[in-house]
Structures are given as structure tokens and as C-alpha cells.
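# Breakdown of the fold
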Amino acid sequence: RESSMGEVEDPVAPAPKSFEPQNVVVHPIVLLSAVDHYNRVARDTKRRVVGILLGEISRGTYDITASFAVPFEEDEKDPSIFFLDHNFLENMHGMFKKVNAREKIIGWYSTGPRIRPGDIEIDKLIRRYTPTPAYVIID
């Protein structure tokens with residue numbers, strides 16, 4: 001895109017420093033989906049799962065209406081080493097855009113109970129899709 005001054009704008013430019021979400025609304029289906037993801041992949045293990053949050057950001061509110069699981073592996077000895085399937089994320093993102101164009105990637109989730117070393121790198125990846133991603137830890 002070009003601005004009115006002829007400069008090329010970054011399609012995912014950082015949000016203004018004054019942007020601070022006032023509310024985060026997580027719809028029940030999102031939590032149900034994340035719990036199902038955990039039960040299918042990591043139940044009775046020390047592993048965690050990671051997924052993408054979809055919805056809209058409007059007037060300071062993150063409205064998280066859907067989610068999808070992303071294949072994710074983490075080195076048990078060094079959690080800063082991980083694999084997140086980028087191709088899967090791209091394909092799912094494309095399919096969700098076809099189904100509901102209003103829902104955008106607005107963040108990501110992981111099962112808890114805390115932030116881990118690789119989370120900053122995952123957050124940087126999600127910032128390719130949204131400048132101010134929500135991060136929800138589900139414990």
C-alpha cells in the first residue's frame with residue numbers, strides 16, 4: 001500500500017504506542033477447542049500445545065471467536081529450541097479466511113502455567129499476521 005505521501009506502508013506496521021487493549025473476550029468454543037487440543041496431544045505428559053487465536057480487534061477489545069491447533073514440538077532439555085509448523089499455519093489461515101473473512105489472526109495460545117523461553121520467538125512469528133497479538137496461557 002502507498003500512503004498519501006507516496007511512501008510504501010508496512011501492511012503489519014506496529015500499533016501506535018498508545019494502543020492498549022481494554023478488554024479481551026474469549027468465547028467458550030475457543031477454550032473448548034484448546035482443551036480438546038491438549039487432551040489429544042499432550043494429556044498425561046509434560047508437553048504443552050500451541051494454537052492460533054482468530055477474531056477481531058475493535059475499539060480496544062480483542063474479540064476471540066475461534067482458534068486452531070498448530071503442530072508444535074519443544075525440546076525438553078532446552079525449551080528455547082522448538083518447532084512450529086509454519087506451512088500448516090499458512091494453510092489453515094488461508095482456509096479460515098475463505099470461511100470467514102472478518103476473522104483475522106489476533107493472537108495465539110499455549111497451555112501453561114507460565115511463559116517459556118521460546119515464547120518470544122513464537123510471538124515474533126505471530127506479529128507477521130497482527131502487530132499486537134494477544135497471548136493467552138491456558139492452565
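The preceding data block contains the structure.
Read on for a plain summary of the structure. (Residues numbered from 1 in each chain as written. Predicted model: local features only at pLDDT ≥ 70, side-chain atom pairs only at ≥ 80, totals over all residues. Heavy atoms only, no water.)

### Some thoughts on the pattern of salt bridges
Per the stated rule, a full pass over the model turns up 8 salt bridges. In this structure, Arg47 engages Glu73 in a salt bridge whose closest nitrogen and oxygen atoms are separated by 3.0 Å. Taken together, the positions of Arg47 in the loop between helix 1 (28–41) and strand 2 (50–58) and Glu73 in strand 4 (residues 72–74) put the pair 26 residues apart, joining distant regions of the chain. A salt bridge links Glu121 to Lys124; its shortest N-O distance comes to 3.4 Å. Taken as a pair, Glu121 and Lys124 lie in helix 3 (residues 119–126) at a separation of 3 residues, close to a single helical turn. Residue Glu121 is classed as partly exposed on the basis of its relative accessible area, which comes to 41%. On the accessibility criterion, Lys124 (49% relative accessible area) is partly exposed. Connected via shared salt-bridge partners are Arg48, Glu74, Arg116 and Asp119. (Salt bridge = Lys/Arg side-chain N within 4 Å of Asp/Glu carboxyl O. Helix = DSSP H or I, 4+ residues; strand = E, 2+ residues; numbered from the N terminus. Buried < 20%, exposed > 50% of the residue type's maximum accessible area, 1.4 Å probe, protein only.)

### Here we look at the layout of surface pockets
Volume-wise, the largest pocket comes out at about 270 Å³. As for the largest pocket, its lining consists of Lys46, Arg47, Arg48, Phe72, Glu73, Glu74, Asp75, Glu76, Pro79, Arg114 and Arg116. Here the lining of the largest pocket is built from residues that sort into 2 nonpolar, no polar and 9 charged. When its volume is computed, the second largest pocket comes out at roughly 220 Å³. Around the second largest pocket sit Gly55, Glu56, Ile57, His93, Lys97, Arg102, Glu103, Lys104, Ile105, Ile106, Tyr129 and Thr130, which together line it. Secondary-structure elements contributing two or more residues to the lining of the second largest pocket are strand 2, helix 2 (86–99) and strand 6 (104–111). Tallied by class, the residues present in the lining of the second largest pocket amount to 4 nonpolar, 3 polar and 5 charged. (1 Å grid on protein atoms, 1.4 Å probe; cavity = no way out; pocket = protein on both sides within 12 Å on 5 of 7 lines; lining within 4 Å. Points joined across faces, edges and corners; volume = space filled by probe spheres on them. Nonpolar A, V, L, I, M, F, W, Y, C, P; charged D, E, K, R; others polar.)

### Section: helix 1
Given a rise of 1.5 Å per residue, 14 residues ought to cover 20 Å, and the 20 Å separating the end C-alpha atoms of helix 1 matches this to within 8%. Listing the buried residues of helix 1 in full gives Val30, Ala34 and His37. Angular distribution of buried residues about the axis of helix 1 spans 55°; they occupy a single face of the element. Turned more than 90 degrees off the buried face of helix 1, the exposed positions are Pro28, Ile29, Leu32 and Arg40. Its buried side turned inward, helix 1 meets strand 1 (23–26), strand 2, strand 3 (61–70), strand 6 and strand 7 (134–138). (Expected span 1.5 Å × (residues − 1). Arc of directions from axis to C-beta. Contact = heavy atoms within 4.5 Å.)

### Quick word on the packing of aromatic side chains
Inspection of every chain in the model, using the stated rule, returns 3 aromatic pairs. Arranged with centres 6.0 Å apart and planes meeting at 35°, the rings of Phe72 and Phe82 form a pair that is tilted. Residue Phe72 is found in strand 4, and its partner Phe82 is found in strand 5 (residues 82–84); the two are separated by 10 residues along the sequence. Under the relative-accessibility criterion, Phe72 is labelled buried at 6%. (Phe/Tyr/Trp six-rings, centres within 6.5 Å; stacked < 30°, edge-to-face > 60°.)

Remember, this is a structural readout, not a statement about activity or role.
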